[in-house]
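Notes for the structure review
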Amino acid sequence: MKRETVIVIDFGGQYNQLVARRVRECNVYCEIYSYKTDLSEIKKKNPKGIILTGGPNSCYEDGAPSCTQELFELGIPVLGLCYGAQLMMHVLGGTVEKAPVREYGKTELLIDASKEDESHSNVSEIFQNVTSPTICWMSHFDYISRPAPGFCVTAHTADCPVAAAENKEKNLYAIQFHPEVLHTVEGTKMLSNFVLKICGCAGDWKMDTFVESTIKAIREKVGKGRVLCALSGGVDSSVAAVLLSKAVGEQLTCVFVDHGLLRKNEGDEVEEVFGSNGNYDLNFIRVNAQERFYTKLAGVTEPEKKRKIIGEEFIRVFEEEAKKIGAVDFLVQGTIYPDVVESGLGGESAVIKSHHNVGGLPDYVDFKEIIEPLRDLFKDEVRKAGLELGIPNHLVFRQPFPGPGLGIRIIGEVTEEKVRIVQDADAIYREEIAKAGLDKKIDQYFAALTNMRSVGVMGDERTYDYAVALRAVRTVDFMTAESVEVPYEVLGGVMNRIINEVRGVNRVFYDLTSKPPGTIEME
Ligand code: XMP
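Residues numbered from 1 in each chain as written. Predicted model: local features only at pLDDT ≥ 70, side-chain atom pairs only at ≥ 80, totals over all residues. Heavy atoms only, no water.

The first and last C-alpha atoms of helix H6 (residues 235-248) sit 20 Å apart over 14 residues, in line with the 20 Å expected at 1.5 Å per residue. Directly beyond the C-terminal end of H6, a positive phi value near 50° is found at Gly249. (Helix = DSSP H or I, 4+ residues; strand = E, 2+ residues; numbered from the N terminus. Expected span 1.5 Å × (residues − 1).)

Structure below.
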């Protein structure tokens, strides 16, 4: 099946992935490429439309990211956003300069009627069904002081005379603000007008078709081959495993390494879903390697060293299991699209991924090829695919959990006893948050074990026990985060239960730190 594709050309803006996600929300498939990508590569993709993102530079400065005039002469509709809009004007003969007033934040946008029509019905196709005035999100130092020849202004703000302009005949559209940011109240409508009306996309990129065509493609690729998958129980590896299982059934073997640093009962939950009594046709191997990990971690307190030990041990265990299975033809990886973009293969983002799932690639597993069935999907799309495949909700909507697991939620040395404490405290915290109806509203929350012991009193007895820290953060990208204001009575309830039910704890703290300066995890 030939996929309708819109291409996002990335000029280094912070919202590049967001643009692609919004396009996909219109059920149109979308890929991100760096502005350095050769035009011939873009043409080969045969895109229905092209979107130029924002970026931090000034387009009139030497060495600023640019594009050729040819890009605007392909006959493919082009939408420039912020820097992309300015660049379009600059390349086509308009003027861009430092704005007398810097606009930042929510700004009132007035949509202009075309000159011939004073009744306001004849507005730009981009703004069809958008109210005027409406609120848009602005963030720019430069502005378009004179549109390129052939362009007319289609919207303005108090400080920005050219908030949008277009050359309808050539299908070129420039928007100074950011429709991809949700603060632009009707931004999604504008992007949908571009991709569906102007580019003429059908909008038939849906998860059921993705699932169906991916299963078919995997079957063709794998043939009678054998496939190996490292299953962590996280949403990405679970969805990848189920896709493979539906495609090739028992040709797939999933190895699940329980490193003893999972949340309470998590190992059993994964086994319940994927094991022999579970719902899927596959070979499931659970390796109970708890003791091995605890032994390796004994006496180790330095965070990076702990991470390294856990990562390396994970690979060793996985390799040992793989050797028992013998040579396989394919190894499954749960890579998703943001990983591709962040690793520098897609857009223009710097390589920012400092940590990844435990392991990386095992060195000594005998396989011929890697299969990455989720490589084109964003996280929310992986979840939709998971639901489509009938994976239980608690796995599909599992909050992010780091590869090194509780190892980085226990400050200092990891022991079996401390793992038990943090597992029990965390289970209570999660239960109470869910009971308060907050579980879908907080992006990540967990209990951690500080390495601190302090004096307390319980039933007239002196105690000298550990302090548990509770954390809850709101975040979009996990690169920055704010602590969430969990209602005091919920925190109080959690504190009471932890003190009463978890042996070895006599104090509970709430972590107020945002990121930066803190990180989300403790180590
Ligand atoms: P930090 O602690 O860096 O965490 O603010 C940001 C997000 O990444 C997760 N995290 C990890 N995920 N392997 C992972 O797969 C890791 O080593 C790792 N360290 C942190 C963390 O849970 C949060 O969502």
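To continue, consider the domain arrangement of the chain. Here the chain is described as being made up of domain 1 (5-198), domain 2 (207-396) and domain 3 (410-510). Using C-alpha coordinates to define each centre, domain 2 is positioned 29 Å away from domain 3. The interface is formed by 15 residues belonging to domain 2 together with 13 residues belonging to domain 3. Carbon and sulfur atoms make up 57% of the surface buried where domain 2 meets domain 3, a total of about 1100 Å² over both sides. Summed over the three residues of domain 2 that lose the most area to domain 3, namely Lys264, Tyr294 and Lys306, the buried surface amounts to 44% of that side. Our enumeration of links across domain 2 and domain 3 arrives at five residue pairs in polar contact (both at pLDDT 80 or more). A per-element tally of the side of domain 2 that touches domain 3 places helix H8 (residues 290-297) first, with three residues. When the residues that make up the side of domain 2 that touches domain 3 are grouped by side-chain class, the tally is seven nonpolar, three polar and five charged. (Domains from an automatic or database assignment. Contact = heavy atoms within 4.5 Å. Buried area = accessible area lost by both parts, 1.4 Å probe. Polar contact = N/O pair within 3.5 Å; in protein donor to acceptor, adjacent residues only side chain to side chain. Nonpolar A, V, L, I, M, F, W, Y, C, P; charged D, E, K, R; others polar.)

Turning to the nonpolar core, a few remarks are in order. Nonpolar side chains in soluble globular proteins tend to end up buried together. The biggest cluster of nonpolar side chains holds 92 residues, and the ones touching the most others in it are Leu228, Phe274, Val468, Leu470, Val486 and Ile498. Here this core takes nine residues from H6, the largest share from any one element. Of the domains in this structure, domain 2 (207-396) and domain 3 (410-510) are the two that each give at least three residues to this core. In this structure, Ile111, Leu191, Val195 and Val341 belong to the second largest nonpolar core, which totals 38 residues. (Core = buried A, V, L, I, M, F, W, Y, C linked by side-chain atoms within 4.5 Å. Buried < 20%, exposed > 50% of the residue type's maximum accessible area, 1.4 Å probe, protein only.)

A few words now on the pattern of salt bridges. Think of it this way: side chains of opposite charge can pair up when their charged atoms draw near. Applying the stated rule across the entire model yields 34 salt bridges. Through salt bridges that share partners, Glu431, Glu432, Lys435, Arg497 and Glu501 make up one connected network. (Salt bridge = Lys/Arg side-chain N within 4 Å of Asp/Glu carboxyl O.)

On to the pairing of strand E5 (residues 95-111). In this sheet, strand E6 (residues 134-146) lies alongside E5 in antiparallel orientation, the contact comprising 11 bridges. Its bridge partner lying in E6, Leu109 is registered against Thr134. Relative to strand E7 (residues 152-156), E5 runs antiparallel, the two sharing two bridges. Its bridge partner being in E7, Leu110 is matched across the sheet by His156. (Pairing = 2+ DSSP bridges.)

Let us look at the packing of aromatic side chains. The full count for this structure, using the stated rule, is 10 aromatic pairs. Between Trp205 and Phe210, the aromatic rings sit 5.9 Å apart at their centres with planes inclined by 75°, giving edge-to-face as the arrangement. Linked through ring pairs, Phe11, Tyr35 and Tyr83 together constitute an aromatic cluster. If you follow Arg3 out to its NZ or CZ, it ends over the ring of Tyr29, 4.1 Å from the centre. In this structure, Arg409 packs its charged tip against the face of Phe446, placed 3.8 Å from the ring centre. (Phe/Tyr/Trp six-rings, centres within 6.5 Å; stacked < 30°, edge-to-face > 60°. Lys NZ or Arg CZ within 6 Å of the ring centre and 35° of its normal.)

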